[in-house]
Amino acid sequence: MASTSDIRKGLCIRYNHDIFKIIEFLHVKPGKGPAFVRTKLKSVTTGKVIDNTFSAGHKIEDVRVETHKFQYLYSEGATYHFMNTEDYTQIQLQESALDRPDLLKEGEVVTVIINSEDNMPLSVEMPAHVILEVTATEPGVKGNTATNATKPATVETGAQVNVPLFINEGDKIRIDTEKGQYQERMKE
């Protein structure tokens, strides 16, 4: 058993007969009344996101998990195939277990969180950022960069990302996987 002071991003807890992963949390101490922790929980079985508030000192049941490095191989519909980089065993996960499946490139190494009790994969943690090639975007107009304007671009995985006007087809860009936003253009 853990308490609300142990809550952190990525912690897996058992709540309402299901296993949830904490996506966001905020510890609030109002001027009047007791402190509480506001959380955003994502179900690892259904992918549904709920908001919940725990009072300070509330006991929560944490789930013992292990993390392993897996390499993304390919997808078949909503099923994604991964290979363990240590012992080369393969697992299949549903799309709901992934945070940003549209930014996943074949060969990408991700961290898979596995329940220690029954060896079931719970969720996939993407790297902080990925480098992808722009496959389709409108050409930028020279001298039109004074404002912070953006245009839609399609990257090699098929995801849509808003990029600055100077980005062209064939450019490699770094994308933040948490927000799915453009960070910078990569030099060759």
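Calculation rules
Residues numbered from 1 in each chain as written. Predicted model: local features only at pLDDT ≥ 70, side-chain atom pairs only at ≥ 80, totals over all residues. Heavy atoms only, no water. UniProt positions renumbered as here; feature names shortened; annotations may be inferred. Helix = DSSP H or I, 4+ residues; strand = E, 2+ residues; numbered from the N terminus. Buried < 20%, exposed > 50% of the residue type's maximum accessible area, 1.4 Å probe, protein only. Contact = heavy atoms within 4.5 Å. Polar contact = N/O pair within 3.5 Å; in protein donor to acceptor, adjacent residues only side chain to side chain. 1 Å grid on protein atoms, 1.4 Å probe; cavity = no way out; pocket = protein on both sides within 12 Å on 5 of 7 lines; lining within 4 Å. Points joined across faces, edges and corners; volume = space filled by probe spheres on them. Nonpolar A, V, L, I, M, F, W, Y, C, P; charged D, E, K, R; others polar. Lys, Arg positive; Asp, Glu negative; His and termini not counted. Salt bridge = Lys/Arg side-chain N within 4 Å of Asp/Glu carboxyl O.

Within an unreviewed UniProt entry, the label attached to the protein chain reads Elongation factor P, and the organism entered is Halomarinibacterium sedimenti. Per its UniProt entry, the protein chain bears the Function (unreviewed entry) comment "Involved in peptide bond synthesis. Stimulates efficient translation and peptide-bond synthesis on native or reconstituted 70S ribosomes in vitro. Probably functions indirectly by altering the affinity of the ribosome for aminoacyl-tRNA, thus increasing their reactivity as acceptors for peptidyl transferase." Quoted verbatim from the Sequence similarities (unreviewed entry) field of the UniProt record, the comment on the protein chain reads "Belongs to the elongation factor P family."

## Quick word on the environment of Lys69
Take Lys69: it is sitting in strand β7 (residues 65–76). Residue Lys69 is classed as partly exposed on the basis of its relative accessible area of 42%. Taking C-alpha positions, Lys69 is 6.0 Å from Thr85, a pair spaced 16 residues apart along the chain. Those residues in contact with Lys69 that sit more than four places away from it in its chain are Met83, Asn84, Thr85, Val109, Val110 and Thr111. At a separation of 3.1 Å, a polar atom in the side chain of Lys69 contacts the side chain of Thr111.

## Quick notes on the layout of surface pockets
Computed from the structure, the largest pocket encloses a volume of approximately 480 Å³. Around the largest pocket, the lining is made up of 16 residues, and of these Lys9, Lys21, Ile23, Asp99 and Glu178 lie nearest the centre. Per element, the largest residue contribution to the lining of the largest pocket is four residues, and it comes from strand β3 (residues 18–28). Here the residues of the lining of the largest pocket are counted per class, giving five nonpolar, two polar and nine charged. What the second largest pocket holds in volume is close to 210 Å³. Contributions of two or more residues to the lining of the second largest pocket are made by β9 (90–94) and β11 (121–125). Tallied by class, the residues present in the lining of the second largest pocket amount to seven nonpolar, four polar and one charged.

## Focus: the side chain of Lys151
Here Lys151 lies in strand β13 (residues 150–155). Of the side chains with opposite charge, Glu138 lies nearest to the buried Lys151, which makes no salt bridge, at 6.7 Å. Here the side chain of Lys151 touches Ile167 through a polar contact of 2.8 Å, landing on its backbone oxygen.

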